[in-house]
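Coordinate inspection notes
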Amino acid sequence: MSSKKFLMTLILVVLLPLVGCQAKDQQQTTEPAVGDWLLAHMLSDPEQLNPLTSNDGGASSILGYIFQGLLTRDPHTLELKPLLAESQPAISDDKLSYTFKIRRDAHFQDGHPLTGEDLLFSIKAIKCPLVNAPFLRVYYDSVVDARLVDQYTIQFVTKEPYFLNESVLGGIDVLPRHYYDPDDLLKKVTVRDLSRGGSGLPEEVKRFADQFNKNFSRNPMGSGPYKFLKWETGQEVLLERDDNYWGKGKAGIDQPYLYLFRFRVINNMDAALVSLKSGGLDTMRLQPLQHVKQTSSSRFESEFQKFMYFSPGYTYIGWNNAHPIFRDKRVRKAMTYLTNRNQMVKTILSGLGQVVDSPIYYFRPEYDKTLESTPFDPERALGLLREAGWRDTDGDGVLDKLIDGKKVPFRFEIKFNSGNPTRKSVALILQDELKKHGIQATVRQLDWTIYLDDVRNHRFDAMILGWGMSVNDPDAFQVWHSTQAANKGSNMISYKNAQVDEILETYRSEFDPKKRIELYRKFQQILHEDQPYTFLFMPKSVSAVQRRFQGVEVLPIGGLRPLEWWVPPESQKFTSKPTA
Amino acid sequence: MAVNSGRGEGYWSYVWRQFKRNRLAVMGLYAVMGLFFLAIFADFLANDKPYYMRYQDRTYFPIFRSYLVRLGVGSWPLELLNVNFKELDSQRSIFPPIPYRSNGIDLTVPFSNPSQTHWLGTDKLGRDLMAGIIHGSRISLSIGFVAVGISLVIGIVLGALAGFFGSWVDLVISRLFELMLAIPTFFLLITIAALLPPSIFLTMAVIGLTSWVGIARFTRNEFLRIRNLDYVTAAIALGVSSRKVMFRHILPNALAPVMVSVALGIAAAILVESGLSFLGIGVPADLVTWGSILNEARSNSFAWWLVVFPGAAIFITVLAYYLVGEGLRDALDPRLRGS
Amino acid sequence: MWRYIFQRILLFLPTFIGITLISFLIMRLAPGDPAELLAGGGLAAAGASGISLEKRGAVDQALAQWRAQYGLDRPLHIQYGMWLKNLFALDFGVSFKDNQPVFGKILDRLPVTIKLNILSIFLVYLVAIPLGIYSATHSYSFGDQVTTLFAFILFSLPVVWAGTMALTFLCGGDFFYLFPPAGLTSIDYSPNWPLWERLKDQVWHLFLPVLLLSYAQFAGLSRYMRTGMREVLSQDYVRTARAKGLSETKVVYKHVLRNSLIPMVTILASILPGLIGGSIIIETIFSIPGLGQLGYQAVLARDYPTVMAIFTVSSLLALVGILLSDILLTMVDPRIAFGRREQ
């Protein structure tokens, strides 16, 4: 260490008790200490930091440090715990009303106290049809009314009983009314009015929506442990620890230790790795090949620790169930036999993945582990195809069959989007394998927006896509119910099964978790029989973290949680407090 | 033209003699010819089918037969349908020097270093790089022809019209020149190529549609100059139709500088295409081109062979065309003669 | 002279309208819907594990609402008309991605792109002019042949290759670490640093991108210089000067150089349009937040206002460049008549 650094560390060690930080005894480095910065990696600039209108994943991970909701999920047990609420809500017998009591000691990052008024404002802002958040709004469709019982109690009314309502309501980001609506323009309008529709709303509402959409993209302010400090476009976003965090020192609330989060924007993974190795980053997610080939040196190991974890979500091949060839479930099942999924995980993901056979997150209790994973078995596939009527009758090397009186060769097109090497590799490998058995597949790579358009309008034979999920209780209605095949819904393959429909409907109003698990077991078994998708794999992520950080662990909630990290004073690298 | 010979061949053989004196240009020409050879005979240099095979007491010539099948006049016998020729238990077979297809996936050897079995290594799906480079030459060559062909046609027609008729025709067409010059071409290219379904021909066509201005301007200037020469004014006075004057009398003499633009244009088109496929635009997913290999190499930079060799291929090709173009320019330039 | 300028500007108008019309039509007629993109989770979802199932629901009405908000449901010619009208008020509209005024976003990134390109032009002239002079005065010598070959090599080197090689071998990774692989400034760059430190850091970051942006033009420009100079050198008045007894250097620098610089000036005009497009690749390779990157991302995201704004701005720059070079040309070389009277 240079003499300058040594001196700084010495001063810090001596001054810490005077400053009165969390660390009680500097010699003991097992107690979390405050200080140091985290240089994290972002692949691209967030579009904007308005908590309601922003639409990208990068923004939401940053906003997650700034805003909070009534409830939160315990990262270890996955249970819903009260955060801004005092306790779990009181639910009415008809399961339509939820009453939350708000804590009295919570306040926003500028010191202003947090009350029911802010809660009411937050739900009004979401429901306001002129606020530029149409995709968030439909998520809150079931909320029809909200009113303040008293200054610290709020009651929500929902449209129909749905066991996920509690987590939906608990997840509302609480926005400070005095900051986002200083003139209180939304005061007079009610949630019921807003739910009704766009026209006929008073002038103030229009004015509010206008300024809310325009003026708040780069200056979020909430009640969370980290404050927004600065955003250098295209370069980095800075979040600073709130010294006056309302939850400071309180039991059961996560404490912030690091002074500063610097999210550095580096669009190129290679460049990011170089930055990591040269000290420009403290942590980043590694790509599979980087993990396997470029980060195994002893020097790297001595500086960084690697953590592996699964992210909820899966990649799949979607067969158009309305297509004449793929209408038949034997054909679909044969396709799955012809997809060498384990080999794909090995080659494409360098082993960083896990084959899955169901749409439920692998680590949730609902996942049916008794399902027998479909192996790679071309023999069985060909047997099934023959059974379904496919054989090469004209000697041209391509299977064919009489469908509706016409001879149809087994030719189809696999579509996928550009910008995703994994899906491209899956398509090419599948094409290669199919060719050996007389099936001619062409591949077509499309620009992402065009692809989305095609997929939603069911213009495809087969497509490769992925779903991103969360660790929360699953609800497969959106993707698998037959009504969702119309209107550009998420049932893009047009899957229709009456039994599945019934299960999905009953599930939503079932409030007993054990019964829900049973229902979903049956659901997965039917899907396994039908093979509407060929489920591929769930990706495994690898993150490298600089060794000076303590408290780093993989959590059941999914991955790492920098909020809990800290650095012992003697190892701290950045010791100054940031200025804007 | 300083040298005024009566017959056309005299002029061009003079140019050829000048050209030959330039060693670099001649080397470039050899390289271009080499590329042509690679492109035409790609199937015979790198293929996973053998030239000749003796199997179960019958003789086959798979590569030739594959051409017949593709033309629709032949078909594969049952025992050879969809087989992997390398795995057949043949009595005798002769394979091409590089026994791989450019897009032959082999998941057992991803990212392998250059070695005995794969002379230049393989990419992430085990596709042989040498085969990829050899077959990729076809794309690179066609880019030149299609793209430059299109810009040639547009450029000559517009330039001729502008230079010959002058006045308001020239005014309007010159505005068109300005428009094409002012538009950020690469950006326009990206926009069009990214939005349309990826097809290599479409990309080439678009490149051609955006790069004709240079040729047009040359043509226009030449037409302007030649139009005022005596023999042209004579022809017009005699009542020869405009079209005939333009294409029979002026054009052949105006072509010389255009030739230079063609060679340079091919070089430029190849560079542009490599830029586009580097960004992942314009190339269908199952086609292997030099630029697409570089694109995949971007995120896997430890596989240095995927960066070095395709790039070198583009470099050599572009250099060759450029040398030929510059050599032509020097050979055609009357002011350089006799110095 | 002023009448000429005025005429030219008037003539630019149809060109300008043509450009905006083209960019409008291309974006709007192309397939792909920005509303759908936002519903799917933005551009990031293309690479990520997939479309998020979290905040989703029946989106049709949401999409319709969104489109109405941006006027995308009106007929095309009305949309174009409105956009043009706003343009004259210098209002480029707001970006679909984040509701920020496009003008502001462009202004944010303009300095970076301009810095990159000005440095590049500077470097090109710095290198190409001496090279050209040397080549012209020592024609066909060994030195000339070497520089010529070198220039050719530079021209043929694909930027994608040179850039990727530089990134692989020089910017950390498995080989050498001579230059930073990304960004404009170091992690702990601070405006409080002394000027010298700041300059050093910026130069260190910009060196490779500027070099990569410029090298291809060393060849072209120096060749042009060479040809131009040789032509002048063989002119009568130069021979006269030599006969008068002027030293070779004086001949070169006083008479020849001035007249050879004329074509160089015109080249400047043709460089300006390439500013924005040319840096897309460099900006992508080195993660530099410039206009090229902004435009590229905007195309992918169907962010119509941003794309059209960038088209417009860069076309304007180009037209200004053309006008400037024409004017400069007429100022420097009175032999060229205004309005092309010989036609």
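Because the structure is a prediction, the values reported are computed rather than measured.

As a further point, take the overall build of chain B. A tally of regular secondary structure across chain B gives 13 helices and three strands. For the C-alpha atoms alone, the extent of chain B along its principal axes is close to 80 × 45 × 40 Å. The 339 residues of chain B split such that 48% are buried. Contacts in chain B between residues far apart in sequence, at least 24 positions, make up 70% of those at least 6 positions apart.

This part is about the pairing of strand E17 (residues 411–417) of chain A. Residue and element names in this part refer to chain A. As judged from the seven bridges shared by E17 and strand E18 (residues 440–446), these two strands associate in the parallel manner. Within E18, the position partnered with Ile414 by the bridge is Val443. Following the backbone out of E17, through helix H15 (residues 421–436) and into the adjacent parallel E18, one traces a crossover that is right-handed. As defined by bridge partners, E17 adjoins strand E19 (residues 462–468) across two bridges and the pair is classed as parallel. Note on E19: the bridge partner recorded for Ile414 is Ala462.

Below, the discussion takes up the nonpolar core. Core analysis: the biggest nonpolar cluster contains 311 residues, and Leu189, Ile190 and Ala267 of chain B have the highest contact counts within it. Not counting chain neighbours up to four residues away, the residues in contact with Ile190 of chain B comprise Leu279 and Ile281 of chain B together with Ile280, Tyr296 and Val299 of chain C.

Facing 26 residues of chain A, the contacting portion of chain B comprises 20 residues. Mapped onto the side of chain A that touches chain B, the elements with two or more residues apiece are helix H9 (269–277), helix H10 (288–294), helix H13 (341–347), H15 and E18 of chain A. When residues in the side of chain A that touches chain B are grouped by element, the largest group, nine residues, is from H15 of chain A. Among the residues forming the side of chain A that touches chain B, the class breakdown is seven nonpolar, twelve polar and seven charged.

All names here are of chain C. When pLDDT is averaged along chain C, the result is 76, and 76% of the positions lie at 70 or above. At the low end of the mean pLDDT range in chain C sits helix H3 (residues 44–47), at 66; at the high end sits helix H12 (residues 291–300), at 83. Across residues 337–343, where pLDDT falls below 50, the model places four contacts with residues more than four positions away in sequence or in other chains. The ipTM, which scores confidence in the relative placement of chains, is 0.83 for this predicted complex, and the corresponding pTM is 0.83.

Turning our attention to the sheet that holds strand E1 (residues 52–55) of chain B. Residue and element names in this part refer to chain B. Spatially, E2-E1-E3 is the arrangement adopted by the three strands of the open sheet, whose pairing is antiparallel. Edge positions in the sheet fall to strand E2 (58–60) and strand E3 (92–94), since each has one partner strand and no second. Adjacent strand axes in the sheet meet at a mean angle of 15 degrees, parallel and antiparallel pairs treated alike. Here E1 pairs with E2 via three bridges, running antiparallel. Bridge pairing links Tyr55 to Arg58 in E2.

Let us look at the environment of Gly383 of chain A. Here Gly383 of chain A lies in helix H14 (residues 378–387). For the pair Gly383 of chain A and Arg330 of chain A, spaced 53 residues apart in sequence, the C-alpha separation works out to 9.8 Å.

As a further point, take the confidence of the model for chain B. Residues and elements named next belong to chain B. Of the residues in chain B, 95% have a pLDDT of 70 or more, and the chain-wide mean is 82. Of all secondary-structure elements in chain B, the lowest mean pLDDT belongs to helix H1 (residues 8–21), at 74, while helix H2 (residues 23–40) reaches the highest, 90. Throughout residues 1–6 the model reports pLDDT below 50, and contacts reaching past four residues in sequence, or to other chains, amount to seven contacts.

A few words now on the packing of helix H5 (residues 129–165) of chain B against helix H6 (residues 167–182) of chain B. Residue and element names in this part refer to chain B. Direction vectors running N to C along H5 and H6 enclose 145 degrees, while the axes themselves pass 7 Å from each other. The handedness of the crossing between H5 and H6 is left-handed. On H6, the residues touching Leu158, Leu161, Ala162 and Phe165 of H5 are Ser167, Val169, Asp170, Ile173, Ser174 and Leu176. Here the contact of H5 with H6 is built from residues that sort into seven nonpolar, two polar and one charged.

So, how was this worked out
Residues numbered from 1 in each chain as written. Chains lettered and ligands numbered in written order. Predicted model: local features only at pLDDT ≥ 70, side-chain atom pairs only at ≥ 80, totals over all residues. Helix = DSSP H or I, 4+ residues; strand = E, 2+ residues; numbered from the N terminus. Buried ≥ 20, exposed ≤ 12 C-beta atoms within 10 Å, placed from the backbone. Contact = placed C-beta atoms within 7 Å. Pairing = 2+ DSSP bridges. Right-handed = clockwise from strand over helix to strand, strands pointing away. Core = buried A, V, L, I, M, F, W, Y, C linked by C-beta atoms within 7 Å. Nonpolar A, V, L, I, M, F, W, Y, C, P; charged D, E, K, R; others polar. pLDDT = per-residue confidence, 0-100. Axes fitted to C-alpha atoms, helices over the stretch in contact; angles between N-to-C directions. Left-handed = near helix turned anticlockwise from the far one by under 90°.

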